[in-house]
Amino acid sequence: MYIGFSEAETFLRNCRDAVIITHRNPDGDCIGAGFGLKDILTELGIRSRVVCHDSFPARYDFITSVGAGEDFEPQTIIAVDIADTKLMGEDIEALYGSKVQLCIDHHISNKNYAEKTLLRGDAAAACEIIYDLALHMGVKVSRHCAMSLYTGIATDSGCFKYSCTTPRSHEIAAKMMREYDIDFALINRNMFDVKSPGRMRLEASLGSLLESYYDGKLHIITVTKETAASLGVAMEELEGFAPMTIQLEGSEVGILIRQRDNDYKCSFRSANNVNVSEICQNLGGGGHVKAAGCNLTGDIDEIKKLLVDTVGGYLE
Ligand SMILES: [Mn+2]
């Protein structure tokens, strides 16, 4: 059932001992939303714990160093920035997937798996919804909460440059700067500019890793475990790499394929009018109009053929 702010407020004010689930391969938005919501619950005197299938990358230490929360038997299950329980990772999905009471999300492909879903597809980030919810509730937003939510908005909007960015995204960011004096320049440098030596080597190898199709309208970058090992780059260092697949001029669609233990994670980006959320939903995944993904199993060459053929149907 879809709900609005008032119902979400009632739910949050009356919940206790909450687990806040973030998606696997955690990014700035789910980490910011998870820890931001935790701060808001703390302000309300409610105990909570942020959980994730994977560990949080070190560059988010300024958010996560406060601790994910103490251990307790949860009475409330909340999911943030998660369109589909599959994205929780198997262990978390098995524990909580069918028991989510409140989901706060901004993916138009949300599977409506929770009892109550606060969905705002027009928000650039789940963090935007959390912030507007805090305002609606009149709950005090701490500086740590503001930094967490700013990080989610900055990362999901590509530092305020993707088409999902709205005047509201800028208004919230401006309030964070004005009211909390957050070090936005340091946050954005760490999110967008600083890279590991392995990541730098990977970017230097892009020329040979990039495959072009349909006269350069589609580009695919594949990073197998073997490629990653030879370049000395860890798969976690590829977060935020997918936008590079549409940087070459003439690009319409780009796909970053990352090999995982049992499947390949395929991250789609659209430069202009192709709806990659629709493509990914047809392939069992989902996401946003210009940034979406799906996970595929099988032989890598067959997966690439499937991807190339499928995208071809959307390129006129
Ligand atoms: Mn998000």
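Read on for a plain summary of the structure.

Rules and cut-offs
Here, residues in each chain are numbered from 1, in the same order as that chain's written sequence. Under the rules for a predicted model, residues below a pLDDT of 70 receive no local features and side-chain atom pairs below 80 are neither given nor counted, while totals for whole chains, interfaces and linings still include all residues. The basis for every side-chain value is the complete set of non-hydrogen atoms in the structure, without hydrogens or water. Starting at the N terminus, helices and strands are each numbered in turn, a helix being any DSSP run of H or I of at least four residues and a strand any DSSP run of E of at least two. Only nitrogen, oxygen and sulfur atoms within 2.8 Å of the metal, or 3.2 Å for Na, K and Ca, are treated as donors, and water is left out, so sites may look incomplete. Exposure categories follow from relative accessible area, calculated using a 1.4 Å probe and restricted to protein chains: below 20% of the type maximum is buried, above 50% is exposed, and the middle band is partly exposed. Note on definitions: salt bridges are taken to be side-chain nitrogens of Lys or Arg within 4 Å of carboxyl oxygens of Asp or Glu. Any two residues whose heavy atoms approach within 4.5 Å at even a single point are treated as in contact. Within this scheme, the nonpolar core is defined by two criteria: the residues are buried Ala, Val, Leu, Ile, Met, Phe, Trp, Tyr or Cys, and they are joined through side-chain atoms within 4.5 Å. Note on ring pairs: Phe, Tyr and Trp rings are taken, using the six-membered ring of Trp, and paired if centres are within 6.5 Å. Classes follow the plane angle, with under 30 degrees stacked, over 60 edge-to-face and the rest tilted. Criterion for a charge above a ring: Arg CZ or Lys NZ at most 6 Å from the ring centre, at most 35 degrees from the ring normal.

## Let's talk about unusual backbone geometry
What is expected of a backbone is that most residues other than glycine have negative phi and most peptide bonds are trans. In this structure, Cys 159 is a non-glycine residue whose phi angle is positive, near 60°. Locating Cys 159 in the fold gives a position in the loop between helix H6 (143–156) and helix H7 (167–180). With a phi angle near 50°, Asp 181 is a residue other than glycine that sits in the positive phi range.

## A word on the coordination of the manganese ion
At the metal site, the manganese ion is ligated by Asp 29 (OD), Asp 81 (OD), His 106 (NE2) and Asp 156 (OD), and these contacts range over 2.1 to 2.3 Å. One chain supplies every donor to the manganese ion, and in sequence these donors are spaced D-x51-D-x24-H-x49-D. Remark: Asp 156 occurs in helix H6 and Asp 81 occurs in the loop between strand E3 (76–80) and helix H4 (90–96); sequence separation between them is 75 residues. Given a relative accessible area of 3%, Asp 81 falls into the buried group.

## With respect to the pattern of salt bridges
The full count for this structure, using the stated rule, is 19 salt bridges. When the shortest N-O distance is used, the salt bridge between Asp 17 and Arg 47 registers 3.0 Å. Of this pair, Asp 17 sits in the loop between helix H1 (5–14) and strand E1 (18–21) while Arg 47 sits in the loop between helix H2 (28–43) and strand E2 (48–51), placing them 30 residues apart in sequence. Given a relative accessible area of 35%, Arg 47 falls into the partly exposed group. Linking Glu 203 and Arg 199 is a salt bridge whose minimum nitrogen-to-oxygen distance equals 2.8 Å. Highlighted residues: Glu 203 and Arg 199, both in helix H9 (residues 197–204), separated by four residues, approximately one helical turn. Of the two residues, Glu 203 and Arg 199, both sit in the buried class. Overlapping salt bridges, with partners in common, bring together Arg 120, Asp 122, Asp 132, Arg 168 and Glu 171 in one network.

## Notes on the environment of Gly 36
Note on placement: Gly 36 falls in helix H2. Taking the C-alpha atoms as reference points, Gly 36 and Ser 98, 62 residues apart in sequence, are found 24 Å from one another. Leaving out residues up to four positions away in the same chain, Gly 36 has contacts with Ile 130, Cys 145, Ser 148 and Leu 149.

## With respect to the nonpolar core
Nonpolar side chains tend toward joint burial in soluble globular proteins. Counting residues in each nonpolar core, the largest one holds 50 residues, and the members touching the most others are Leu 12, Leu 37, Leu 41, Ile 104 and Met 176. Residue contributions to this core peak at eight residues, all from helix H5 (residues 126–137). One finds Phe 268, Leu 283, Ala 292 and Cys 294 within the second-largest nonpolar core, a separate group that totals 22 residues.

## Digging into the packing of aromatic side chains
Enumeration according to the criterion identifies two aromatic pairs in this entry. Note on Phe 35 and Phe 56: the rings are 5.5 Å apart at their centroids and 75° apart in plane angle, and the pair reads as edge-to-face. Of the two residues, Phe 35 sits in helix H2 while Phe 56 sits in the loop between E2 and helix H3 (61–64), which places them 21 residues apart along the sequence. Relative accessible area serves as the criterion here: at 1%, Phe 35 is assigned to the buried category. Their ring planes at 50° and their centres at 5.9 Å tell us that Tyr 150 and Phe 160 sit as a pair that is tilted. Highlighted residues: Tyr 150 in helix H6 and Phe 160 in the loop between H6 and H7, separated in sequence by ten residues. For the pair Tyr 150 and Phe 160, a shared accessibility class is recorded, and that class is buried. When the ring centre of Phe 72 is taken as reference, the NZ or CZ atom of Arg 49 above it lies at 4.7 Å.

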